[in-house]
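Residue strings, one per chain:
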Amino acid sequence: LAFRNGTLASDSLCCDGNQSIVSKKGKKLFKAKNGNLISATGMYALVFPLAQKLTKKPSKILPDGTIKINVTNSLQPTEGIIVEVISKEMAVIHEGGGHWILNISEFFAFGSGADVARGAMMNGASAEEAIRIASGVDLFTGGDVQILTLSKTSRKPKKWHEKSETTARNTITM
């Protein structure tokens, strides 16, 4: 998956825990009821039901700019990650039973084709173009390219607030 300029893009190739391809037509992008963009990488059967649940109870930016993170994730570290884009500047990364905040400087990418996608975006590619390029290089990236775009009215977060006390408090900038 790749994100740039408010657009989240993904391939549609789905794999299981043994890196066997189970589908070339998997839906990997979701839009939450509040407009957050959600996608995931990893074991399709484990990761994507959790991503779909997050569309009904997404993290949100409160009136004071605080981010309320809804932890619906019971993923183990090796099973995959769920990416929840809440604004052009910030995403919540759910993984390993916890979460962390990603401050977006320009773009980001996750998944098996992430290095190729990041390289493509460093050279000016859009998120959609980056996924197409990664599909031509990475064995586990392929199928149709899917895209979703943030609404123009998405709010900017000022700070974040955890709902769960048992989660990590890490922030990283990409």
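Starting afresh in each chain, residues are numbered from 1 along the sequence in its written order. Under the rules for a predicted model, residues below a pLDDT of 70 receive no local features and side-chain atom pairs below 80 are neither given nor counted, while totals for whole chains, interfaces and linings still include all residues. Side-chain metrics rest on all non-hydrogen atoms present in the structure, leaving aside hydrogens and water.

1. Some details on the nonpolar core
Part 1 of the argument: Val 83, Val 85, Ala 91, Ile 93, Leu 102, Phe 108 and Phe 110 are the most contacted members of the largest nonpolar core, which has 16 residues in total.
Part 2 of the argument: Strands are runs of DSSP state E lasting at least two residues, helices are runs of H or I lasting at least four, and both sets are numbered from the N terminus onward. Among the secondary structure elements, those contributing two or more residues to this core are strand E9 (80-85), strand E10 (90-95) and strand E11 (98-103).
Part 3 of the argument: Residue contributions to this core peak at three residues, all from E9.
Part 4 of the argument: Beyond its immediate chain neighbours, meaning those up to four positions away, Ala 91 contacts Val 83, Glu 84, Val 85, Ile 86, Trp 100, Ile 101, Leu 102, Ile 104 and Phe 108.
Part 5 of the argument: Throughout this description, the term nonpolar core refers to a set of buried Ala, Val, Leu, Ile, Met, Phe, Trp, Tyr and Cys residues connected via side-chain atoms within 4.5 Å. Under the scheme applied here, a residue whose accessible area is under 20% of the maximum for its type counts as buried, over 50% as exposed, and between as partly exposed, the area being computed with a 1.4 Å probe on protein chains only. Residues Phe 107, Met 121, Ala 125 and Val 145 belong to the second largest nonpolar core, which totals 13 residues. In this description, contact between two residues means that some pair of their heavy atoms is separated by no more than 4.5 Å.

2. As for the sheet that holds strand E13 (residues 146-149)
Part 1 of the argument: Spatially, four strands are ordered E12-E1-E2-E13 in an open sheet, and the strand pairing comes out antiparallel. The two strands at the open ends of the sheet, each matched to only one other strand, are strand E12 (107-109) and E13. Averaged over all neighbouring strand pairs, the angle between strand axes comes to 15°, with direction disregarded.
Part 2 of the argument: Pairing between strands is defined by DSSP: at least two bridges between them are needed. Sheet topology note: the strand E1 (residues 2-4)/E12 ladder contains three bridges and is antiparallel. Across the sheet, Arg 4 pairs through a bridge with Phe 107, a residue of E12. In this analysis, axes come from line fits to C-alpha atoms, helices being fitted only over the stretch in contact, and the angle between any two N-to-C directions falls in the range 0 to 180 degrees.

3. Quick word on the packing of aromatic side chains
Part 1 of the argument: Two rings belonging to Phe, Tyr or Trp (six-membered ring only in the last case) form a pair when the distance between their centres is within 6.5 Å. Interplanar angles under 30 degrees mark stacking, angles over 60 mark edge-to-face geometry, and anything in between is tilted. For the structure on display, the rule yields five aromatic pairs.
Part 2 of the argument: Arranged with centres 6.3 Å apart and planes meeting at 70°, the rings of Trp 100 and Phe 110 form a pair that is edge-to-face. Here the residue Trp 100 occupies a position in strand E11, and Phe 110 occupies one in the loop between E12 and helix H2 (114-122), the gap between them amounting to ten residues. Phe 110 shares its class with Trp 100; the two are buried.
Part 3 of the argument: Ring pairing ties together the aromatic residues Phe 3, Trp 100, Phe 108 and Phe 110, which thus form one cluster.

4. Re the pattern of salt bridges
Part 1 of the argument: By definition, a salt bridge exists where a carboxyl oxygen of Asp or Glu is found within 4 Å of a side-chain nitrogen of Lys or Arg. Counting across every chain of the model gives five salt bridges.
Part 2 of the argument: For the salt bridge of Arg 4 with Glu 106, the shortest nitrogen-to-oxygen distance reads 2.3 Å. Of this pair, Arg 4 sits in strand E1 while Glu 106 sits in the loop between E11 and E12, and the two are 102 residues apart along the sequence.
Part 3 of the argument: Exposure remark for Arg 4: the relative accessible area of 11% places this residue in the buried category.
Part 4 of the argument: The closest approach of N and O atoms between Lys 25 and Asp 144, which form a salt bridge, is 3.0 Å. Residue Lys 25 is located in the loop between strand E4 (21-23) and strand E5 (29-31), and its partner Asp 144 is located in the loop between helix H3 (127-135) and E13; the two are separated by 119 residues in the primary sequence.
Part 5 of the argument: What makes Lys 25 exposed here is its relative accessible area of 63%.

5. Here's the deal with the environment of Gln 19
Part 1 of the argument: Turning to its location among the elements, Gln 19 is positioned in the loop between strand E3 (14-15) and E4.
Part 2 of the argument: Residues Gln 19 and Phe 140, spaced 121 residues apart in sequence, show a C-alpha to C-alpha distance of 7.9 Å.

6. A word on the pairing of E9
Part 1 of the argument: Counting buried positions along E9 gives six out of six residues, so the element sits mostly inside the fold.
Part 2 of the argument: Residues Gly 80, Ile 82 and Glu 84 line one face of E9 and the alternating positions Ile 81, Val 83 and Val 85 line the opposite face, and both faces are buried.
Part 3 of the argument: Summarising the sheet, E9 and E10 pair through five bridges and their orientation is antiparallel. Looking at the pairing, Val 83 lines up with Ile 93 of E10.

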